[in-house]
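Survey of secondary and tertiary structure
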Amino acid sequence: MRFGNISLSLALLYSTLCVYPDAVESFAPVPLLTSSLFSIRQPAALSPARISRTSAKIPVRSRPALSGILCKLGSEDDKKKGNIGLAAGLAALVIASGSLQSPSAFLDVKFPDMKEVAQVVFHSPRKEVVAFLDNNDAQLRPSEQNTIKLYLDNKPSVVYVSTFTKGRGGFTMNMESMPQGSGSGFVWDTEGHIVTNFHVIRSANSAQIGLLDSNGKTTTYEAELTGVDPDKDIAVLKIKAPMSSLRPIAVGKSAKVQVGQIALAIGNPFGLDHTLTTGVISGLGRETTSPTGRPITNVIQTDAAINPGNSGGALLDSSGRLIGMNTAILSPSGSSAGIGFAIPSDTVSQVVESLIKGGQVVRPAIGISFLEAQQARQLGIPEGVLILEAPPGSPAEQAGLRGTVRTYRGLEVGDIITGLNGMQIKSESDLFKALDGKKPGETVVITALRGAGDGFEQIDFRLKLGAASSGQTKMGR
């Protein structure tokens with residue numbers, strides 16, 4: 001029988017009375033209390049003859065009768081009134097122990113609304129004492145119960161990521177591991193794969209994973225790098241943990257996410273492990289920048305609080321399914337301002353499966369180096385992607401595209417890409433987006449401007465896409 005927040009002493013006293021009812025005669029009087037606050041979660045019931053829907057008058061003429069009141073709490077026939085019954089019994093025990101000589105003493109319990117604080121009044125010819133029962137703890141709403149269950153179910157799936165770098169200590173010239181930072185991650189499968197953000201482990205030489213076991217104890221494991229995709233800010237690590245300790249997270253479909261639905265984030269902000277924050281999906285189709293400068297598209301926006309340390313953590317829907325990996329915030333202060341971003345789970349799934357299978361992600365490439373849009377504008381090129389170099393043998397060179405060269409006459413501007421398969425290209429960001437849905441070996445039509453006399457001519461080039469891999473199989477590279 002659970003008593004919620006009742007003190008251990010009262011619980012033990014209750015147990016003693018139920019087993020040895022006459023033992024109450026041996027207890028010394030309990031000091032009179034002028035007020036008491038009980039927060040009860042006990043669902044058991046008390047159904048004395050004189051209890052009604054709104055009040056109960058319980059005689060307490062003798063201490064053995066008092067123990068009988070307490071022992072009746074084990075029945076389950078009237079759960080709604082059980083908490084009040086328990087309060088009445090405890091109030092009688094605590095308040096009335098020293099004042100039971102009067103045959104007219106009784107407890108008057110009033111509970112007009114079970115969602116409010118009930119009042120327990122002890123009456124006797126000499127004293128009248130009031131106690132209160134805060135019954136709110138016993139009346140959690142279904143939505144609150146769902147949130148609690150969701151958190152408890154997914155807590156073991158979220159891990160604490162600690163990163164380390166090599167450095168010299170203050171008292172030695174030897175290189176040793178030094179703490180660098182921390183972040184979050186989640187268990188992907190029972191083989192020990194852990195998913196987190198690439199930027200969490202980007203410059204680390206090693207990493208450790210803190211994993212909760214079934215008993216709630218955190219065990220730390222050394223992590224090995226399986227693979228990374230810096231363009232999507234995703235990394236996969238692996239730990240050697242018992243299969244029984246690994247609780248893979250349930251993965252949902254981010255394509256079905258809608259603005260306004262509930263969102264819950266679990267992570268380790270500021271090193272505070274397994275913190276839960278709640279909010280809603282605030283927007284879809286957002287864009288953020290990866291560590292390589294390439295755009296990450298279709299990003300989910302949420303107002304669930306995301307702070308430093310949440311990176312790599314889970315963004316869940318109200319069913320407890322992963323819909324995104326928390327990755328960035330938009331904030332002038334560096335802390336949560338109600339605008340957080342998560343990489344959609346559909347993107348995470350695709351990248352993670354590629355990294356587990358081959359240790360890298362292969363993407364289509366046209367094989368050029370280019371001038372960033374901001375610098376190109378300074379050269380008087382209002383839009384498009386200026387090709388700096390198309391190396392010999394690259395897909396771009398084979399298709400006929402030209403790079404920028406220096407001649408005795410000065411700088412000869414290379415081709416400027418303005419379209420791909422009919423999609424307008426205004427900057428390198430547009431070019432990356434256009435390539436995102438393509439595969440190596442696929443043929444595309446690139447539209448470019450080429451200098452001709454005092455102007456430019458527009459030319460279409462058929463180009464067979466090459467392949468570029470994400471690389472990096474060891475941390476610290």
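Cut-off values and rules
Residues numbered from 1 in each chain as written. Predicted model: local features only at pLDDT ≥ 70, side-chain atom pairs only at ≥ 80, totals over all residues. Heavy atoms only, no water. Patch = residues over 30% accessible without salt bridge, like charges linked within 9 Å, V, L, I, M, F, W, Y side chains within 5 Å. Areas by Shrake-Rupley, 256 points an atom, 1.4 Å probe, with all protein chains shown as cover. Salt bridge = Lys/Arg side-chain N within 4 Å of Asp/Glu carboxyl O. Helix = DSSP H or I, 4+ residues; strand = E, 2+ residues; numbered from the N terminus. Buried < 20%, exposed > 50% of the residue type's maximum accessible area, 1.4 Å probe, protein only. Core = buried A, V, L, I, M, F, W, Y, C linked by side-chain atoms within 4.5 Å. Contact = heavy atoms within 4.5 Å.

1. Description of a nonpolar patch on the surface
- A surface patch of nonpolar side chains, about 260 Å² in accessible area, is lined by L140, I148 and L152.
- Secondary-structure assignment places L140 in the loop between β5 (128–134) and α4 (142–154).

2. Here's the deal with the pattern of salt bridges
- Taken as a whole, this structure holds 8 salt bridges when the rule is applied.
- R294 serves as the salt-bridge partner of D231, at 3.4 Å between the closest nitrogen and oxygen. Separated by 63 residues along the polypeptide, D231 in the loop between β10 (218–229) and β11 (234–238) and R294 in the loop between β13 (275–289) and β14 (295–302) bring together distant segments of the chain. An identical accessibility class is assigned to D231 and R294; each is buried.
- Here R450 makes a salt bridge to D415, at a shortest N to O gap of 2.8 Å. In this pair, R450 is assigned in strand β25 (residues 443–452) and D415 in the loop between β22 (410–412) and β23 (416–420), connecting sequence segments 35 residues apart.
- Exposure remark for R450: the relative accessible area of 12% places this residue in the buried category.
- Because the salt bridges share partners, they merge into one network encompassing D229, D231, R294 and R363.

3. Here's the deal with the nonpolar core
- The biggest cluster of nonpolar side chains holds 24 residues, and the ones touching the most others in it are F186, V195, I234 and V348.
- Listing elements by their share of this core, those giving two or more residues are α4, β11, β12 (262–267), β14, β15 (314–316), β16 (322–329), β17 (340–344) and α6 (345–358).
- Tallying contributions element by element places α6 first for this core, with 4 residues.
- The contacts of I234, once residues within four sequence positions are left out, are V195, T196, F198, V228, D229, M325, I343, T347, V348, V351, V352 and L355.
- Core analysis: the next-biggest nonpolar cluster, separate from the first, contains 20 residues, A390, L401, V444 and L465 among them.

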